[in-house]
Amino acid sequence: MAMDSGELLQPEALRRRGTPDGARPAAASSPWQAAYRRLRKNKLACAGLLFLLAMLLFCFVGPLFASDTAGRVSVSLINKPPSGSHWLGTDNLGRDVLTRLMQAGRISLLVGLVSMVLSIVLGSLLGAIAGFYRGFADHLIMRIADILLAVPEIPILIIIGAILSDLKVPSEYRIYMVMLMISFMAWPSLARLVRSQILSFRERPFMLAAEALGLRDRRKLVHLLLNAVPVILVVATLSVARAILSETVLSYLGLGVVPPTPSWGNMMAAANSLIDFQTRPWLWIPPGTAIFLTVIAINVLGDGLRDALDPRMKR
């Protein structure tokens, strides 16, 4: 049967079919590119990210431009209010509060970041092993995680900090002990999340294909963990805020990072009298504000990452 020539689609018309006149078909994008576009549209998360970058520059680069004597004790400058030479005043030992704030932020952020890395590595590894091998390994790891989750975190950290104080651990080593304590208490929640992700991914077609190809367990675990990266990234972001708050509580109680090593927590602990609270607000407002804004920015960024990495979220 003959076909009318008007019913034939020319190649050019076929390429433009379903698209506006003169428009080119949209290029395919990877899931990470789509997540980046969703994150970029989240103005609040972008503001949190910019603030965190500014805080990192403030804490890690700022002390390089401070004077050599800014952190030294000066009797003539004890508890001076903010001025042109000391923008945030001086503390009870005559040290510049602005410089101390930058140095303390470096310690607090390092504690948060290192604790996050340790807890992420430990939690991801144990969660992946529990979800992949199941059986005895799953029961053992999950029961240990349940025990740690059932115990209040802050009281346990306070007890361990008190033991370290009784053992008179030097201040330069207390930082590393605080990092280990916080990361040890933080891994169970991530391990449970990673385990649930691994159990879900085990039934996906790509894992059935990996088993058909005869891949080793190590390569299968790598593939499974790569697919769990979005969840791990979100938890990692929120773990930094959690670690900073835990370090602040311990240092404020004198059980975390101890002087002369500065941290935001022990800076606030230095202003623990009613006179300091009422008449010398420059001693506690700067570290308190830094903690508040940093934790808020991290949480906002974590929420933005969760929304961006979740393919079910529509922006």
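Just so we're clear, the structure is a prediction, and the values are computed from it rather than from any experiment.

Caption draft 1: Just the overall build of the chain, in detail. Across its full length, the chain holds 13 helices and zero strands. From first element to last, N terminus to C terminus, the chain shows the α and β order α-α-α-α-α-α-α-α-α-α-α-α-α. Looking at the 315 residues of the chain, the share that counts as buried comes to 40%. Within the chain, contacts between residues at least 6 apart in sequence are counted, and of these 72% link residues at least 24 apart. Total accessible area on the chain stands at roughly 18200 Å², and carbon and sulfur atoms take up 66% of it.

Caption draft 2: Up close: helix 10 (residues 229-252). For helix 10, which comprises 24 residues, the first-to-last C-alpha distance of 34 Å matches the rise-based estimate of 34 Å (1.5 Å per residue) to within 8%. Phi turns positive one or two residues past the end of helix 10, at Gly 254, with a value near 80 degrees.

Caption draft 3: Geometry of the packing of aromatic side chains. For the structure shown, the criterion picks out two aromatic pairs. Note on Phe 132 and Tyr 133: the rings are 5.0 Å apart at their centroids and 90 degrees apart in plane angle, and the pair reads as edge-to-face. A residue is classified by how much of its surface remains accessible, and Phe 132, at 8% relative accessible area, is buried. Exposure remark for Tyr 133: the relative accessible area of 44% places this residue in the partly exposed category. Relative to Trp 284, the ring of Phe 277 has its centre 4.7 Å away and its plane inclined at 15 degrees; by these criteria the two rings are stacked.

Caption draft 4: A look at a nonpolar patch on the surface. Nonpolar side chains collect at one region of the surface, where Leu 49, Leu 50, Leu 53, Leu 56 and Leu 113 lie side by side and expose about 410 Å² of accessible area between them. It is helix 3 (residues 43-60) that contributes the most residues to the nonpolar patch, four residues altogether. Along the chain, Leu 53 falls in helix 3.

Caption draft 5: Quick look at the pattern of salt bridges. The tally for this structure, following the rule as stated, stands at eight salt bridges. Of the charged contacts in the structure, one is a salt bridge between Arg 195 and Asp 138, with a shortest N-O distance of 2.7 Å. Of the two residues, Arg 195 is situated in helix 7 (residues 171-201) and Asp 138 in helix 5 (residues 135-150); the sequence distance between them amounts to 57 residues. Take Arg 195: its relative accessible area is 23%, and that puts it in the partly exposed class. A salt bridge links Arg 306 to Asp 303; the nearest nitrogen and oxygen atoms lie 3.8 Å apart. Linking Arg 306 with Asp 303, this pair stays in helix 13 (residues 285-309), spanning three residues, or about one helical turn. On the accessibility criterion, Asp 303 (34% relative accessible area) is partly exposed. Shared partners join several salt bridges into a network, and the residues in it are Arg 143, Asp 146 and Arg 192.

Caption draft 6: The side chain of Thr 237, seen in detail. Relative to the helices and strands, Thr 237 is located in helix 10. Thr 237 gets classed as buried once you look at its relative accessible area, which sits at 14%. The contact partners of Thr 237, leaving out residues within four places of it in the chain, are Ile 298, Leu 301, Gly 302 and Leu 305.

Caption draft 7: Region of interest: the nonpolar core. Ranked by size, the top nonpolar core spans 43 residues in total, and within it Ile 120 and Trp 264 carry the most contacts. Counting residues per element, this core draws most heavily on helix 13, which supplies nine residues. Residues Ile 107, Val 111, Leu 157 and Met 181 belong to the second largest nonpolar core, which totals 14 residues.

Caption draft 8: How the structure looks around helix 7. Taking 1.5 Å of rise per residue, the 31 residues of helix 7 would be expected to cover 45 Å, and the 45 Å separating its terminal C-alpha atoms lies within 8% of that figure. Trp 187 marks where helix 7 bends most, by close to 35 degrees; the proline Pro 188 follows one to four residues later.

Caption draft 9: Examining the packing of helix 8 (residues 205-213) against helix 9 (residues 217-227) more closely. Between helix 8 and helix 9, the least distance of the axes is 11 Å, while the angle of their chain directions is 165 degrees. Taken as axis vectors, helix 8 and helix 9 run roughly antiparallel relative to one another. Of the two elements, helix 8 crosses helix 9, and the hand of that crossing is right-handed. Facing helix 8, whose interface residues are Phe 206, Met 207, Ala 210 and Glu 211, helix 9 presents Lys 220, Leu 224 and Asn 227. Residues of the contact of helix 8 with helix 9, tallied by class, amount to four nonpolar, one polar and two charged.

Caption draft 10: Here's a closer look at the confidence of the model for the chain. Of the residues in the chain, 88% reach a pLDDT of 70 or more, and the chain-wide mean stands at 81. Model confidence for the chain, summarised as mean pLDDT per element, is weakest for helix 1 (residues 11-16) at 45 and strongest for helix 3 at 93. Throughout residues 1-19 the model reports pLDDT below 50, and contacts reaching past four residues in sequence, or to other chains, amount to four contacts. Considering only residues more than four positions removed or in separate chains, one finds that residues 22-27, a stretch of pLDDT under 50, has one contact.

Rules behind the numbers
- Residues numbered from 1 in each chain as written.
- Predicted model: local features only at pLDDT ≥ 70, side-chain atom pairs only at ≥ 80, totals over all residues.
- Heavy atoms only, no water.
- Helix = DSSP H or I, 4+ residues; strand = E, 2+ residues; numbered from the N terminus.
- Buried < 20%, exposed > 50% of the residue type's maximum accessible area, 1.4 Å probe, protein only.
- Contact = heavy atoms within 4.5 Å.
- Areas by Shrake-Rupley, 256 points an atom, 1.4 Å probe, with all protein chains shown as cover.
- Expected span 1.5 Å × (residues − 1).
- Phe/Tyr/Trp six-rings, centres within 6.5 Å; stacked < 30°, edge-to-face > 60°.
- Patch = residues over 30% accessible without salt bridge, like charges linked within 9 Å, V, L, I, M, F, W, Y side chains within 5 Å.
- Salt bridge = Lys/Arg side-chain N within 4 Å of Asp/Glu carboxyl O.
- Core = buried A, V, L, I, M, F, W, Y, C linked by side-chain atoms within 4.5 Å.
- Bend = angle between axes of the 7 residues up to and from the residue.
- Axes fitted to C-alpha atoms, helices over the stretch in contact; angles between N-to-C directions.
- Parallel < 35°, antiparallel > 145°, perpendicular 65-115°, else oblique.
- Left-handed = near helix turned anticlockwise from the far one by under 90°.
- Nonpolar A, V, L, I, M, F, W, Y, C, P; charged D, E, K, R; others polar.
- pLDDT = per-residue confidence, 0-100.

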